[in-house]
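Residue-level listing of the chains:
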Amino acid sequence: MKRIDKINYYLDICETVLERGTCLRRNFAAIIVKNDEIIATGYTGAPRGRENCCDLGYCRREELRVPRGTRYELCRSVHAEQNAIISARRQDMIGSTMYLVGKEQSTGELVKNAAPCSLCKRFIINAGIEKIIIRDTNTEYRVIYIKEWLENDDSLYGEGAY
């Protein structure tokens, strides 16, 4: 019997969490893990009490053909990374790992070159998260060390995944 490795174990859990997402464009999920324990999960969805795009039946950004990584103010959703972060205590997130998976709603394929947007990067830094592991294919993933963002401050203002 061959056991799944820990990274793919957490990425698989993350992929299940994204099924709760409500975005009609692309859904993401994030989980935060520290000391081999999941401390928070988050998925893409409207703020509590607001209707989700899947309930409304339309995506404003999709209707306007807004390019990926731009005009977030038109989006109803809170990003998965943000939802995970606001569900955890900062002292628990310091030194933790965030796992991130995104899927295109139109095709069901994993989001190519997925990465946190510039605002989520700032949330992640302030939360004290040490690294992010992002699923690229069913068997491949990337590891981003947050200290690299801090060493290259311009990277905090680039395009994101959504």
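Before reading on, note that the structure itself is shown above.
As the structure is a prediction and not an experimental result, all values here were calculated from the model. (Residues numbered from 1 in each chain as written. Predicted model: local features only at pLDDT ≥ 70, side-chain atom pairs only at ≥ 80, totals over all residues. Heavy atoms only, no water.)

Draft legend 1. Spatial organisation of the layout of surface pockets. Looking at the largest pocket, its volume works out to about 300 Å³. Forming the boundary of the largest pocket are 14 residues, of which Y43, G45, A46, R48 and N83 lie nearest the centre. Here the element with the most residues in the lining of the largest pocket is strand β2 (residues 37-43); it accounts for three residues. Looking at side-chain class alone, the lining of the largest pocket contains five nonpolar, eight polar and one charged residues. (1 Å grid on protein atoms, 1.4 Å probe; cavity = no way out; pocket = protein on both sides within 12 Å on 5 of 7 lines; lining within 4 Å. Points joined across faces, edges and corners; volume = space filled by probe spheres on them. Helix = DSSP H or I, 4+ residues; strand = E, 2+ residues; numbered from the N terminus. Nonpolar A, V, L, I, M, F, W, Y, C, P; charged D, E, K, R; others polar.)

Draft legend 2. Quick look at the pattern of salt bridges. In this structure the tally under the stated criterion is eleven salt bridges. R89 serves as the salt-bridge partner of D92, at 3.0 Å between the closest nitrogen and oxygen. Given a relative accessible area of 27%, D92 falls into the partly exposed group. Look at R89 and you get partly exposed, because its relative accessible area is 49%. Ionic contacts of the salt-bridge type, sharing partners, join the residues D12, E15, K103 and R135 into one network. (Salt bridge = Lys/Arg side-chain N within 4 Å of Asp/Glu carboxyl O. Buried < 20%, exposed > 50% of the residue type's maximum accessible area, 1.4 Å probe, protein only.)

Draft legend 3. Up close: helix α1 (residues 6-17). For α1, spanning twelve residues, the distance from its first C-alpha to its last is 17 Å, which sits close to the expected 16 Å at 1.5 Å a residue. For α1, the full list of buried residues reads N8, Y10, L11, C14, E15 and V17. For α1, the angular spread of the buried residues around the axis is 170°, confining them to a single face. If you follow the buried residues of α1, they end up packed against β1 (26-34), β2, β3 (97-104), β4 (131-135) and β5 (141-145). (Expected span 1.5 Å × (residues − 1). Arc of directions from axis to C-beta. Contact = heavy atoms within 4.5 Å.)

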